[in-house]
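The primary structure of each chain is shown beneath.
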Amino acid sequence: MPKIIGTHSGHFHCDEALAVALLKRTEEFKDATLVRTRDPKKLEECDIIIDVGGVYDPSAHRYDHHQRGFTETFDDKHATKLSSAGLVYKHFGREVVGSVLGSEVSAEDAEKIYLKTYDCFVEALDANDNGISAYPSSITPLFKESPTSLPSRVANLNPAWNQTATDADIDACFLKASEMAGTELIDYVTRLKSIWLPARTLVVEALDRADEVHSSGRVIALERACPWKEHLFDLESERGLTNGKEILYVLYPESNPEGNWRIQCVPTRLEGFENRKSLPEAWRGVRDEELSRLSGVDNCIFVHAGGFIGGNKTREGAYKMAKLALEL
């Protein structure tokens, strides 16, 4: 007999829309029917209840977050109170993510993607449902949530205030919203698998070879251009590369047929513009032959006036620029 997922009827939000979508992607509830009601007797007949009922009890498959005294977070590293999306993700997310990733992704990398998906996708939905603004209240005028955010797009699938809709109409809208929310999370996990994780692998390999680039170990060379900053900061933390061991420059080939190389400074913080060690002041804003003459390195192309990036026609030239920049 098919299992039954229960949630509340009427106006819906992104958190329970995603929660239902996640459950429908688990082995236990993939064939479950959905009941949307506020009738306690009907809810009691359900195998799992989300976002209604006033109880959080995983052993009984009860996942509400509205009751007085509810303080559950994803783990002790997070302060955001969970919504039904976060509750279901906390208890069923590993299974859902694992089914997307498949056996070719290691258990360690699958766990990284599971955690990152909460941090970068689900937590924002928990915050939104619990009235936590993405912007400080001190900003004048206050920023408003984007009408293209996932919570906004789910909300817009509810019948408008001046439309007449039956319960069946609203239930149909909910199913559409749930499928949209679930598809977007699955697409996000898929991109982590196909784009984010391979970039991390390249940064890991480059860090492992750092001593081959320069004896200080403070320059790495990527075999391909890729998004590297987030991975580098995470890996430095994991490996204890602090207090004079941080990476200062990243070298990588440009994505063009000429085979040019770039040297880029590592910023002091992930979203910042200040560098740990900028390229030499005398090189900044200088190009081509003049830069080669000034630096003593052949085949130079440019150094940006801001001192955060430069280019050379060869890998060897980029290595020499990094060596000199470390010394100056």
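All of these numbers come straight from a predicted model, not from anything done at the bench.

## Brief notes about unusual backbone geometry
And step 1. In this chain, T140 is followed by P141 through a cis amide linkage whose omega measures -5 degrees.
And step 2. Mapped onto the secondary structure, P141 falls in the loop between α4 (107–129) and α5 (150–155).
And step 3. Phi is positive for N243, close to 50 degrees, though the residue is something other than glycine.
And step 4. Tracing the backbone shows N243 in the loop between α8 (229–239) and β7 (249–253).
And step 5. Residues other than glycine seldom take positive phi values, yet D288 does so here, at roughly 50 degrees.

## Some thoughts on the domain arrangement of the protein chain
And step 1. The domain boundaries assigned to the protein chain delineate domain 1 (4–134 + 144–195) and domain 2 (214–327).
And step 2. Each of domain 1 and domain 2 was reduced to a C-alpha centroid, and the two centroids are 43 Å apart.

## Here's the deal with the sheet that holds strand β3 (residues 48–50)
Sheet strands pair via backbone hydrogen bonds, and the direction of the pair is either parallel or antiparallel.
And step 1. With respect to topology, 5 strands assemble into an open sheet ordered β2-β1-β3-β5-β4, the strand pairing being mixed. The open sheet has two edge strands with one neighbour each: β2 (33–36) and β4 (56–57).
And step 2. With 4 bridges joining them, strand β1 (residues 4–7) and β2 adopt parallel strand pairing. Along β2, the bridge assignment pairs G6 with V35.
And step 3. Strand contacts of helix α1 (residues 14–23): β1, β2 and β3, with the helix running at about 155 degrees to β3, the strand carrying the most contacts.
And step 4. Running over the sheet, helix α6 (residues 167–208) touches β1 and β2 and is turned about 130 degrees from β2.

## Some points on the nonpolar core
And step 1. Counting 46 residues, the largest nonpolar core has L18, L23, Y89, I113, F121 and L185 as the members making the most contacts within it.
And step 2. Mapped by element, the contributors of at least two residues to this core are α1, β3, α3 (84–101), α4, α5 and α6.
And step 3. Among the elements that line this core, the one with the most residues is α6, at 11 residues.

## A few points about the sheet that holds strand β6 (residues 219–221)
And step 1. Here we have 5 strands laid out as an open sheet, ordered β6-β7-β8-β10-β9, and mixed in their pairing. Each edge of the open sheet is held by one strand with a lone partner, namely β6 and β9 (300–303). Mean inter-strand twist for the sheet, computed between neighbouring axes without regard to direction, equals 15 degrees.
And step 2. Inspection of the sheet shows β7 paired to strand β8 (residues 261–265) by 5 bridges, in the antiparallel sense. What sits directly across from L251, in β8, is I263.

## What to know about the environment of F29
And step 1. You can see F29 is positioned in the loop between α1 and β2.
And step 2. Along the chain, F29 and H11 lie 18 residues apart, while their C-alpha atoms are 23 Å from each other.
And step 3. Contacts of F29, omitting those with residues within four sequence positions, involve K3, I5, L23, K24, D47, I48, H61 and F92.

## Some details on the packing of α1 against α6
And step 1. α6 packs onto α1 with a crossing angle of 70 degrees between their chain directions and a minimal axis gap of 8 Å. Here α6 runs roughly perpendicular to α1, going by the angle between their axes. With respect to the hand of their crossing, α1 and α6 are arranged in right-handed fashion. The segment α1 lies against α6, with E16, A17, L18, V20, A21 and L22 engaging F174, A177, S178, A181, G182 and L185.
And step 2. Of the residues that constitute the contact of α1 with α6, the class distribution is 9 nonpolar, 2 polar and 1 charged.

## Thoughts on α1
And step 1. Counting buried residues in α1 gives 10 out of 10 residues, a clear majority hidden from the surface.
And step 2. The complete set of buried residues in α1 reads C14, D15, E16, A17, L18, A19, V20, A21, L22 and L23.

## Some remarks on the packing of aromatic side chains
To describe a pair of aromatic rings, one takes the distance between the centres and the angle between the planes.
And step 1. Under the defined criterion, the tally for this structure stands at 12 aromatic pairs.
And step 2. On the basis of an interplanar angle of 50 degrees and a centroid distance of 6.3 Å, the ring pair of Y56 and Y63 is categorised as tilted.
And step 3. Residue Y56 is classed as partly exposed on the basis of its relative accessible area of 22%.
And step 4. Put simply, the rings of F29, Y56, Y63, F70 and F92 pair up and form one aromatic cluster.
And step 5. Taking the ring centre of F29 as reference, the NZ or CZ of K3 above it sits at 5.7 Å.
And step 6. Over the face of the ring belonging to W228 we find K229, whose NZ or CZ atom lies 5.9 Å from the ring centre.

Reading guide: rules and limits
- Residues numbered from 1 in each chain as written.
- Predicted model: local features only at pLDDT ≥ 70, side-chain atom pairs only at ≥ 80, totals over all residues.
- Heavy atoms only, no water.
- Helix = DSSP H or I, 4+ residues; strand = E, 2+ residues; numbered from the N terminus.
- Domains from an automatic or database assignment.
- Pairing = 2+ DSSP bridges.
- Contact = heavy atoms within 4.5 Å.
- Axes fitted to C-alpha atoms, helices over the stretch in contact; angles between N-to-C directions.
- Core = buried A, V, L, I, M, F, W, Y, C linked by side-chain atoms within 4.5 Å.
- Buried < 20%, exposed > 50% of the residue type's maximum accessible area, 1.4 Å probe, protein only.
- Parallel < 35°, antiparallel > 145°, perpendicular 65-115°, else oblique.
- Left-handed = near helix turned anticlockwise from the far one by under 90°.
- Nonpolar A, V, L, I, M, F, W, Y, C, P; charged D, E, K, R; others polar.
- Phe/Tyr/Trp six-rings, centres within 6.5 Å; stacked < 30°, edge-to-face > 60°.
- Lys NZ or Arg CZ within 6 Å of the ring centre and 35° of its normal.

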